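# Inside the fold
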Amino acid sequence: MLAAVLVYPVFADSYSVGNSAYLLAWVFMALGLCLLWGYAGMLSFGQTFFFGIGGYSYGVLAINFGGGGMTFVALVLALAFAAIAAVILGYFMIWGRIGGVFFGIVTLSATLVLAFFLGQTAGPEWRIGSARLNGFNGMKGMDPLCIPWFGGSQIYFEGTYLYYLVVALLVIVYLGLRMLVNSRFGNVMVAIREDPQRAELLGYDVRKYQLITFVIGSVLAGLSGAIYTSWGQFIAPSSIGLPAAAMPIVWVAFSGRSDLTSVLVGAFFILYVFQMITVESQQAALVLMGAMMLATVLVAPQGFVLGITRWIGRFASRRKTAAEKA
């Protein structure tokens, strides 16, 4: 699959390549929620909250730094701001023993507060340095990611360059998360998900593990926001509000929240289909998302993508066993 992804730009037109980079940028947020919800048992509606923190931070910093090679510094600092916000919000929730459905309510409330605040920043007084927030119209004018090159020129990460950058980051993040969930830390994380009281009685600092997991998942959402802002040189509060906040839940639930690979593949597939339907009717696309979530809850609680891959595995195993007996 990775080989197909790498050769794709050779055969595709520039618009399709740029659009694929846009779709892949959202997958980081889905992987972060998979870690939070599927492995740690923390259902968060706050992924778009940190998406907004990362996106707006990148935009403000890139504008004030003057673009150019400083855009990568803006990216790193945007992720740092997302991490700081996650530490503050996570500390008060986790040390306050907020769990279950109330964890989702608090994160959703934080998301809606941020979206409402950014929506009323249309006036000229709402600026940070040279960057105007622009309310519902959205902030624009920031440079895409770029690096200085020989002879004083610059390489802008747009189109094919951005596509390969996102693919490289996605591979690094995916492998890093696989190593994390298969490590001792991941085992403790799953134990906390299954029975936090027993894990605590066995001597593990449950709150520390939960906070670290929450920060990692939130920073991945911030990475999606920063890359999205770099891709379109634009970000608006509509990317953060209620409809947007529910989307990662659908992607992860439909794909199979307990498996990173299923979420990686399933989230991209759902985003691609959602975009195709949105071109014809945004309302129809939202209805489809709701139907997918309902079908997942009623028919395949473990996720359709994960269920299909497990069925294929069992079918292949039976075929192999039958062939060996024959």
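Up top you'll find the structure we're talking about.
Keep in mind the model is a prediction, meaning the values are calculated, not measured.

### Looking at the pattern of salt bridges
- The final tally for this structure, using the stated rule, is two salt bridges.
- In this structure, Arg97 and Glu200 form a salt bridge, with 3.4 Å as the shortest nitrogen-oxygen distance. Taken together, the residues span a long stretch of sequence, with Arg97 in the loop between α4 (71–94) and α5 (101–119) and Glu200 in helix α8 (residues 196–201) at a distance of 103 residues.
- What makes Arg97 exposed here is its relative accessible area of 51%.
- Exposure remark for Glu200: the relative accessible area of 38% places this residue in the partly exposed category.
- A salt bridge links Arg193 to Glu194; the shortest N-O distance between them is 2.7 Å.

### A look at the side chain of Ser20
- As for its position among the elements, Ser20 is in helix α2 (residues 14–39).
- The class of Ser20 is buried, set by a relative accessible area of 10%.
- Once you skip the residues sitting within four places of it in the chain, Ser20 turns out to touch Tyr8, Tyr163 and Phe268.

### Digging into the nonpolar core
- Of all hydrophobic cores here, the largest spans 97 residues; its most connected members are Leu31, Tyr58, Met139, Phe214 and Trp251.
- Ranked by residue count, the leading element in this core is α2, at 17 residues.
- Contacts of Phe214, omitting those with residues within four sequence positions, involve Leu36, Met42, Ser44, Phe50, Ala86, Leu89, Gly90, Met93, Ile94 and Phe103.

### Some points on the environment of Ile235
- As for its position among the elements, Ile235 is in strand β6 (residues 234–235).
- Accessibility expressed as a relative area gives 0% for Ile235, which makes it buried.
- Sequence separation between Ile235 and Asn137 is 98 residues, and the spatial gap between their C-alpha atoms is 8.9 Å.
- Those residues in contact with Ile235 that sit more than four places away from it in its chain are Phe51, Gly55, Tyr56, Gly138, Met139, Tyr228 and Thr229.

Rules of the game
Residues numbered from 1 in each chain as written. Predicted model: local features only at pLDDT ≥ 70, side-chain atom pairs only at ≥ 80, totals over all residues. Heavy atoms only, no water. Salt bridge = Lys/Arg side-chain N within 4 Å of Asp/Glu carboxyl O. Helix = DSSP H or I, 4+ residues; strand = E, 2+ residues; numbered from the N terminus. Buried < 20%, exposed > 50% of the residue type's maximum accessible area, 1.4 Å probe, protein only. Contact = heavy atoms within 4.5 Å. Core = buried A, V, L, I, M, F, W, Y, C linked by side-chain atoms within 4.5 Å.

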